[in-house]
Amino acid sequence: MDPIFGIHESAMLVRARRMDLLARNLANADTPGFKARDMDFTQELDRLASGTSRLTTTHERHLRSPRGASADDQLKYRVPHQPSQDGNTVETDLEQARFAENAVAYQTTILFLNGRIGTLRTAITGGR
Amino acid sequence: MSLFNIFDIAGSGLSAQSLRLNLTASNLANMQNVAGSPEDVYRARHPIFRAGGSSFQEEMTGRGVEVLGIVESTVPPVQRFDPGHPEANEDGLVYATTVNPMEEMANMISASRSYQSNLEVINTSKELLLRTLSLGQ
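All of these numbers come straight from a predicted model, not from anything done at the bench.

A. Spatial organisation of the interface of chain A and chain B. Between chain A and chain B, the contact holds 29 residues from the first and 33 residues from the second. Buried area between chain A and chain B, summed over both chains or domains, comes out near 2400 Å², and the portion from carbon and sulfur atoms is 61%. Viewed at the interface, chain B and chain A are joined by one salt bridge. We note a salt bridge from aspartate 30 of chain A to arginine 20 of chain B, for which the minimum N-O separation is 2.9 Å. Here chain A and chain B share nine residue pairs in polar contact (both at pLDDT 80 or more) between them.

What follows is the structure in structure tokens.
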């Protein structure tokens, strides 16, 4: 893991991935039988930051995982507060709230990264 | 990059919901139609949605929602005796559509709300992507 950006690099990836998931839930808000899914952010971040998410290759001819390991096997299914008749478990208002929360968290990560870059810039230019 | 993927996902939601809105408009516009035979009667149309990505690979990346097809309502048309109507058959009968306006209005509200939330997703992702692009500036 790159020590310059620390945990924020992984955090950004996980946030982007979660945003993808929540967008999928919202797009399928009216699909019969669709099961809403979400991830455990902390667990996902741990996996990514500790590097255990990538398949390790010990031989040059081993298959490499294309985009890190897929996190899909770690996804959880949402338990709906008000289940609907058609088997859909997306609760649009709650999903929207989570999406907003995730977007704010993503922006926070951007802020941290920007701060880091600013620090480095200051160090490079010697504060001039 | 997953943020670009969101545009596909929310875009599929937008197109699915706008199709649904279109069909609702069509159903409401044809609500008063009558025809001379039960076969010619306008029947209410509704889309069938399915979670996108049937294959394993697509399931991993997520393709949003797809429209499986459009089904016509199977509710039998209402038969009415109206011999003065130009469309009436030799028995003086006309057949009226069975579009349910309450159902259509509820569908319309649901479709427009879903459309809005997909749009919101696109806007937020766009904002975040632009911020990511301007990192360090």
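B. Region of the structure containing the environment of serine 110 of chain B. Considering the arrangement of structural elements, one finds serine 110 of chain B in helix α3 (residues 101-133). On the basis of relative accessible area, serine 110 of chain B is assigned to the partly exposed category, the value being 22%. Residues serine 110 of chain B and glutamine 17 of chain B, spaced 93 residues apart in sequence, show a C-alpha to C-alpha distance of 8.9 Å. Here serine 110 of chain B is in contact with Asp30 of chain A together with Arg20 of chain B, once residues within four sequence places are set aside.

C. Quick look at the pattern of salt bridges. Summed over the entire model, instances satisfying the criterion amount to ten salt bridges over all chains. Residues glutamate 66 of chain B and arginine 50 of chain B are paired through a salt bridge, measuring 2.3 Å at the closest nitrogen-oxygen approach. With glutamate 66 of chain B in strand β3 (residues 65-72) and arginine 50 of chain B in strand β2 (residues 45-51), the pair connects residues that are 16 residues apart, well separated along the chain. On the accessibility criterion, arginine 50 of chain B (31% relative accessible area) is partly exposed. One network of salt bridges, with partners in common, ties together Arg18, Asp38, Arg78, Glu95, Arg98 and Glu101 of chain A.

D. Spotlight on the sheet that holds strand β1 (residues 34-35) of chain B. Residue and element names in this part refer to chain B. Strand order in the open sheet formed by three strands is β1-β5-β4, with antiparallel pairing between adjacent strands. Two strands in the sheet have a free side with no partner beyond their single neighbour: β1 and β4 (78-81). Pairing of β4 with strand β5 (residues 93-96), which is carried by four bridges, proceeds in the antiparallel orientation. Its bridge partner being in β5, phenylalanine 81 is matched across the sheet by leucine 93.

E. Structural context of the packing of aromatic side chains. Scanning the entire structure with this criterion turns up zero aromatic pairs over all chains. A cation over a ring is seen here: arginine 15 of chain A above phenylalanine 41 of chain A, with NZ or CZ 3.7 Å from the ring centre.

Here is what the cut-offs are and how they apply
- Residues numbered from 1 in each chain as written.
- Chains lettered and ligands numbered in written order.
- Predicted model: local features only at pLDDT ≥ 70, side-chain atom pairs only at ≥ 80, totals over all residues.
- Heavy atoms only, no water.
- Contact = heavy atoms within 4.5 Å.
- Buried area = accessible area lost by both parts, 1.4 Å probe.
- Salt bridge = Lys/Arg side-chain N within 4 Å of Asp/Glu carboxyl O.
- Polar contact = N/O pair within 3.5 Å; in protein donor to acceptor, adjacent residues only side chain to side chain.
- Helix = DSSP H or I, 4+ residues; strand = E, 2+ residues; numbered from the N terminus.
- Buried < 20%, exposed > 50% of the residue type's maximum accessible area, 1.4 Å probe, protein only.
- Pairing = 2+ DSSP bridges.
- Phe/Tyr/Trp six-rings, centres within 6.5 Å; stacked < 30°, edge-to-face > 60°.
- Lys NZ or Arg CZ within 6 Å of the ring centre and 35° of its normal.

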